[in-house]
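Letter by letter, the chains look like this.
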Amino acid sequence: MMDSATVWTVIVLLGLGSYALRFFFIGIVGDRPLPPWLLRHLRYTAVAILPGLVAPLVLWPAATDGAPDPARLVAAAATVVVGGWTRNIIAAILSGGFALYLMLYLVG
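Being a predicted model, the structure only gives us computed values, none of them experimental.

J.: So what about unusual backbone geometry? Which residues, and what values?
T.: Phi is positive for D65, close to 60°, though the residue is something other than glycine. Of note, D65 is situated in the loop between α3 (45–59) and α4 (70–86). One non-glycine residue, R87, lies in positive phi territory at about 60°.

Written out as structure tokens, the structure reads:
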């Protein structure tokens, strides 16, 4: 366990880093147009965050002590297929949740 000084140091440094990133884009660059190549890269940032958060939970779930689980793999595949087919995020999320609970019920 970390002592309280270490915890507060990490909290303060993360807060300062977050503020610096926001200040850079809002305070320094906010009144100038960004170059097209940078805008093109920033457009994909939000799309890359969700798979980056979900992939470790699917491939190395804590519920199985890091072993790949067929139920979670099927749920992730169902989410990707329905999302690509319908282009509807709500349908993709609901189908993935349904597939997960169905596979957990069937497989155990």
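J.: Outline the side chain of D69, listing residues and values.
T.: Tracing the sequence through the fold places D69 in the loop between α3 and α4. Within the structure, the side chain of D69 is placed 2.3 Å from the side chain of R72, a separation counted as a polar contact. Once residues within four sequence positions are removed from consideration, D69 is found in contact with P61, T64 and L104.

J.: Break down the side chain of S95 for me, citing the residues and quoting the values.
T.: Mapped onto the fold, S95 is located in helix α5 (residues 89–107). The class for S95 is buried, based on a relative accessible area of 18%.

J.: I'd like to hear about the packing of aromatic side chains, residue by residue, with values.
T.: Summed over the entire model, instances satisfying the criterion amount to 1 aromatic pair. Ring geometry for Y19 against F23: centres 6.2 Å apart, planes inclined by 15°, an arrangement best described as stacked. Here Y19 and its partner F23 are both found in helix α1 (residues 4–28), 4 residues apart, which amounts to about one turn of the helix.

J.: Account for the pattern of salt bridges, naming residues and giving values.
T.: Applying the stated rule across the entire model yields 1 salt bridge. The partner of R72 in a salt bridge is D69, and the shortest N-O contact between them spans 2.3 Å. Judged by relative accessible area, which is 11%, D69 ranks as buried.

J.: Which residues make up a nonpolar patch on the surface, and what are the values?
T.: Residues Y19, F23, F24, F25, I26, I28, L39 and L42 make up a contiguous nonpolar surface patch of roughly 790 Å² in combined accessible area. Top element by residues in the nonpolar patch is α1. It accounts for 6 residues. Owing to a relative accessible area of 57%, Y19 belongs among the exposed residues under this scheme.

Cut-offs applied
- Residues numbered from 1 in each chain as written.
- Predicted model: local features only at pLDDT ≥ 70, side-chain atom pairs only at ≥ 80, totals over all residues.
- Heavy atoms only, no water.
- Helix = DSSP H or I, 4+ residues; strand = E, 2+ residues; numbered from the N terminus.
- Polar contact = N/O pair within 3.5 Å; in protein donor to acceptor, adjacent residues only side chain to side chain.
- Contact = heavy atoms within 4.5 Å.
- Buried < 20%, exposed > 50% of the residue type's maximum accessible area, 1.4 Å probe, protein only.
- Phe/Tyr/Trp six-rings, centres within 6.5 Å; stacked < 30°, edge-to-face > 60°.
- Salt bridge = Lys/Arg side-chain N within 4 Å of Asp/Glu carboxyl O.
- Patch = residues over 30% accessible without salt bridge, like charges linked within 9 Å, V, L, I, M, F, W, Y side chains within 5 Å.
- Areas by Shrake-Rupley, 256 points an atom, 1.4 Å probe, with all protein chains shown as cover.

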